[in-house]
Structures are given as structure tokens and as C-alpha cells.
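# Working through the structure, step by step
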Amino acid sequence: MSASIRLKRFGTKKRPYYRIVVIDSRAPRDGKTLEEVGYYHPIETEDKQISFDSDKVRSWVDKGAKVSDTVRGILNKKNFRLN
């Protein structure tokens, strides 16, 4: 099984929020997750937009999980480097 770290969409039309999740790469976008590691609220104020557990993210990356481009950009906003 290949895991990936990507976004899972919640919210209503025009008011989305996302959870940063670890999921099987073959699963659908809103499918069953292995673990939730954070969230991203694009509509909130700048200081409340992004929250994640850096230890969990680092752990999953060390286990071989691939990070999506969108999540990589979100993590970079908080100055979290994967390499």
C-alpha cells in the first residue's frame, strides 16, 4: 500500500475547509483515511488558517508517504521543510 498526504474536503458550497490526511493513494479524495494530521481553512484569518502536527507529518514522510503538491505548499507557508 502506498500512502499519500493530501487534502480531504469538507464544508459547504463556497465555504470549504480541508483536513490534511494520510490516505491510501488509490482511495478517493473523501475516502477512508489512515490518520488526520492537521487542517487548512482558506477562509479564516491568516493566523488561524493552517494547523498540523509536524511530528506526525515527519513520521509519515519517513515511512514513505508522498506529499501532494498542494499540501507541500501549505506546509511551506508555515516554514516546515520536508527535506
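This text goes with the structure placed above it.
Just so we're clear, the structure is a prediction, and the values are computed from it rather than from any experiment. (Residues numbered from 1 in each chain as written. Predicted model: local features only at pLDDT ≥ 70, side-chain atom pairs only at ≥ 80, totals over all residues. Heavy atoms only, no water.)

## Side note on the overall build of the protein
When helices and strands are tallied, the protein shows two helices and five strands. Ordered by position from N to C terminus, the α and β elements of the protein give β-β-β-β-α-β-α. A compact globule built from 83 residues would reach a C-alpha radius of gyration of about 12 Å, and the protein, at 12 Å, matches this within 12%. Counting only C-alpha atoms and orienting by the principal axes, one finds that the protein spans roughly 35 × 30 × 20 Å. In the protein, which comprises 83 residues, the share counted as buried stands at 35%. Taking as baseline every contact in the protein between residues at least 6 positions apart, the subset at least 24 positions apart corresponds to 33%. With the model as given, the accessible surface of the protein reaches about 5500 Å², and the carbon-plus-sulfur share is 46%. With 19 positive and 11 negative side-chain charges, the protein shows a spacing of 6 Å between the two charge centroids. (Helix = DSSP H or I, 4+ residues; strand = E, 2+ residues; numbered from the N terminus. Rg over C-alpha atoms; globule rule 2.2 N^0.38 Å. Buried < 20%, exposed > 50% of the residue type's maximum accessible area, 1.4 Å probe, protein only. Contact = heavy atoms within 4.5 Å. Areas by Shrake-Rupley, 256 points an atom, 1.4 Å probe, with all protein chains shown as cover. Lys, Arg positive; Asp, Glu negative; His and termini not counted. Charge placed at Lys NZ, Arg CZ, Asp CG, Glu CD.)

## Examining the pattern of salt bridges
Summed over all chains, the structure comprises four salt bridges. The partner of Arg26 in a salt bridge is Asp24, with the nearest N and O atoms 3.1 Å apart. Assessed through its relative accessible area of 66%, Arg26 is described here as exposed. Classification of Asp24 by relative accessible area gives buried; the value is 16%. Across the pair Lys56 and Glu35 runs a salt bridge, and its minimum N-O distance is 3.5 Å. On the criterion of sequence distance, the pair formed by Lys56 in helix α1 (residues 54-62) and Glu35 in strand β3 (residues 35-40) is long-range, its members being 21 residues apart. (Salt bridge = Lys/Arg side-chain N within 4 Å of Asp/Glu carboxyl O.)

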